[in-house]
Amino acid sequence: MKRIDVWADMVCTWAHVGRQRLVSAGFGEDVEVVWRPYQLDPTAPGPQAEAPRDPAVPTGEAPKGPIWGAVPQPNTFDAHRVIAVAYERGGSALQGAVVERILRAHFTDGSDIGDRAVLADLAAEAGLDGVAEALAAGEGTEQVRYQLLRGKAIGIGTSPTFVVGDQAVAGAQSPEVLRDLVRHAAPGRDLPEEVTRLRHAESLLDARDPLGALEMLRPLLEDHGDDPAVGLLAARAYFGSAQLGRALRTLEPLVERAPGDHYARFLLGRTLERSNRPDEALPHLRLAAAMSSDPAYADAVRRVERRGAA
C-alpha cells in the first residue's frame, strides 16, 4: 500500500479544495492518505498566539455575510493535535473523517476551529471521542511538532503539498495529476528512526534552523548522546544557536576521542573564538587547517592571527 502525505494547514482554501480533489481521484484501498501539519512554529512551548480577529465580528458570533473566505483565521495548533490523535487511535480512515469534519466546519459552517470545545464536538461527530481530555493532557503536541519539523526538513513550502515517497506536487492539483503521482512515484524507503532524525537534523541545519535541529535530535541525545555523529550534529546546532557553553562541552570530548577529526577541531576552534578565547582557539584552527585544505579553515586562522597581532 502506498501512502500519500497531505501537508496543509486547516485554514488554507486550496487545502480544502485539494482534499476534495484527492477524494474524487478514487484511489481505492491501495492508498493511505495521511494529513500532516504545515507552517506552524514547531519549537514553540505551546499553542501559538491567535491571529487577530476581525473587530467587526463580535467574539463568539459567526461572521455576517458570505461564509467562504470570511471566517477569521483561528489558531489551528489544537486542530492539528486532534488530527494527530485521530491517526494514532484509528489510522487514516478515522483521521480522514475528522479532517473532513473540521474543514467543513471552518469553510462552510463558520465555526471557530481554534476553540477546544468546538473541536471536541466536531471530533465526536466524526467518531473520535475523548478529545477534550486528550487536549488537556497534551496528547498530539509532540507528534505535531515532529511532523512540522519533518515537513521543513524535506522542503515542504506550499499548502497543500502531496507527497508520495520522494516525489511531491504542490497546490490543489487535479485528480489526474494526483493519480499519476500515486501510480508512478516509488514508495520511500523505511529507514530506522535514528537515521531519519539525523538526516532531518542535517537538513534543518542547512536550512539555518539550529533550534529545530536540536528539537529533532532531542530523543537521540537522550538515548545515544555518546554517539559521535549525534554529538557533532548537536554541537553544530549549539554553535549555530549561540549556545557556546553547550557547544564546548560537547566538542571537547569529541576532539579528545577523535583528534584527527578536522571538522570537529575546526568547530571547537570557532567556538572558542566566538567565546572571546582566541589564544585557545588558534592551535585548534591551525591543526584543522593543516589536516584539510578547506579555505574556511585557513581564513579562520588568518582572522584569529590578525586579532592577536592587533
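Our subject is the structure that appears above.
Colleague: Describe the environment of Val11, listing the residues and the values that go with them.
Modeller: Turning to its location among the elements, Val11 is positioned in the loop between β1 (2–7) and α1 (13–24). For Val11, a relative accessible area of 16% translates into the label buried. When the C-alpha positions of Val11 and Gln73 are compared, they lie 6.9 Å apart, and in sequence the two are 62 residues distant.

Colleague: Give me the lowdown on the nonpolar core, citing residues and values where you can.
Modeller: In this structure, Trp35, Val82, Val98 and Ile102 are the most contacted members of the largest nonpolar core, which totals 37 residues. Contributions of two or more residues to this core are made by β1, α1, β2 (31–36), α2 (77–109), α3 (116–125), α4 (131–136), β3 (161–164) and α6 (175–184). No other element matches α2, which puts 11 residues into this core. In this structure, Trp35 is in contact with Val6, Ala8, Asp9, Met10, Ala15, Arg19, His80, Ile83, Gln95, Val99 and Leu103, ignoring residues within four places of it in sequence. Counting 21 residues, the second-largest nonpolar core is a separate cluster that includes Ala264, Leu268, Leu282 and Tyr297.

Colleague: Kindly report on the sheet that holds β2, identifying the contributing residues and their values.
Modeller: The sheet built from four strands is open, its strands ordered β2-β1-β3-β4 with mixed pairing. Each edge of the sheet is formed by a strand with only one pairing partner; in this case those strands are β2 and β4 (167–170). The mean angle between the axes of side-by-side strands here comes to 20 degrees, regardless of whether they run parallel or antiparallel. Docked against the sheet, α1 engages β1, β2 and β3, running at close to 170 degrees with respect to β2.

Scoring rules and cut-offs
Residues numbered from 1 in each chain as written. Predicted model: local features only at pLDDT ≥ 70, side-chain atom pairs only at ≥ 80, totals over all residues. Heavy atoms only, no water. Helix = DSSP H or I, 4+ residues; strand = E, 2+ residues; numbered from the N terminus. Buried < 20%, exposed > 50% of the residue type's maximum accessible area, 1.4 Å probe, protein only. Core = buried A, V, L, I, M, F, W, Y, C linked by side-chain atoms within 4.5 Å. Contact = heavy atoms within 4.5 Å. Pairing = 2+ DSSP bridges. Axes fitted to C-alpha atoms, helices over the stretch in contact; angles between N-to-C directions.

By themselves, these figures tell us nothing about what the structure is for.
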